[in-house]
Amino acid sequence: MARLATDDSARRVLVVDDDADWREFLRLSLEDLGYEATEAADGQEALDTLKRGDRYGVMLLDLNMPGMSGLEVVERLPRVHPRIVFLTSAAAQDVGNALLSGPHYYLPKGASRDQLSLLLQSLGE
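Keep in mind the model is a prediction, meaning the values are calculated, not measured. The residue count restarts for each chain, going from 1 along the sequence in the order it is written. Selection of residues for local features in this predicted model requires a pLDDT of at least 70, selection of side-chain atom pairs for listing and counting requires 80 or more, and totals for whole chains, interfaces and linings are taken over all residues. To get the side-chain values, take all heavy atoms of the structure and skip hydrogens and water.

This part covers the packing of aromatic side chains. Geometry of aromatic contacts follows a simple scheme: Phe, Tyr and Trp rings, the Trp one being its six-membered ring, pair when their centres are within 6.5 Å, and the pair is stacked under 30 degrees between planes, edge-to-face over 60, tilted otherwise. Enumeration according to the criterion identifies one aromatic pair in this entry. A ring pair is formed by Trp22 and Phe25, whose centres lie 5.4 Å apart and whose planes are at 20°; its orientation type is stacked. Taken as a pair, Trp22 and Phe25 lie in helix α1 (residues 20-32) at a separation of three residues, close to a single helical turn. A relative accessible area of 9% means that Trp22 is categorised as buried. Placement of a positive charge over a ring is assigned whenever Lys NZ or Arg CZ falls within 6 Å of the ring centre and within 35 degrees of the normal to the ring plane. The ring of Tyr35 carries the charged tip of Arg11 above its face, separated from the ring centre by 3.9 Å. In this structure, Arg12 packs its charged tip against the face of Tyr56, placed 4.5 Å from the ring centre. In this text, helices come from DSSP runs of H or I with a minimum length of four residues, and strands from runs of E with a minimum of two, each type numbered from the N-terminal end. Exposure classes here rest on a 1.4 Å probe applied to the protein chains alone. A residue is buried below 20% of its type maximum, exposed above 50%, and partly exposed in between.

What follows is about the sheet that holds strand β7 (residues 105-108). In short, DSSP must find at least two bridges between two strands for them to pair. Strand order in this open sheet of five strands is β3-β2-β4-β6-β7, and the pairing throughout is parallel. The sheet is open, and its two edges are formed by β3 (36-40) and β7, each paired on a single side. Strand-to-strand twist across the sheet, computed as the mean angle between neighbouring axes with direction ignored, equals 25°. Alignment of strand β2 (residues 12-16) against β3, held across five bridges, turns out to be parallel. Bridge pairing in β3 places Val13 opposite Ala37. Orientation is described by lines fitted to C-alpha atoms, with helices fitted over the stretch in contact, and by angles between N-to-C directions that extend from 0 to 180 degrees.

This paragraph deals with the pairing of strand β4 (residues 58-62). Most of β4 sits inside the fold, with five of its five residues counted as buried. Burial along β4 is two-sided: Val58, Leu60 and Asp62 and Met59 and Leu61, pointing in opposite directions, are all buried. Across four bridges, β2 lies against β4 in parallel orientation. When the sheet's bridge partners are listed, Val16 is paired in β4 with Leu61. The pairing of β4 with strand β6 (residues 83-88) spans five bridges and is classified as parallel.

A side-chain nitrogen of Lys or Arg and a carboxyl oxygen of Asp or Glu constitute a salt bridge if their distance falls within 4 Å. What the rule picks out here adds up to nine salt bridges. Where Lys109 meets Asp62, a salt bridge forms, and the shortest distance between an N and an O atom there is 3.3 Å. On the criterion of sequence distance, the pair formed by Lys109 in the loop between β7 and α5 (113-122) and Asp62 in strand β4 is long-range, its members being 47 residues apart. The class for Lys109 is partly exposed, based on a relative accessible area of 27%.

So, in structure tokens, the structure goes:
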């Protein structure tokens, strides 16, 4: 799997989650941390955003969404895509299969802004 390496996309994050309140919290937290954040309410909206050619360094992707799951989104991603961080309220051991599907990362729903910041720093973004 490829990932975007362009400098202008490194500080851009696509937030994909069906929970509007969680999406807004993440967007505001990302903006406070100096990132540009775009929201998508479901998997199809995320794929459409990427198909338009919008570039992102990271995609925060809800694992369990109605319609199209996070894993289904990953299966349909274009060849060049952002790093994937799965968002879920499930325990880490319950997301093992998703993490094994590629070089993906995990952030529990309800994580703090500081935890989000640490994750992004560890990704080198």
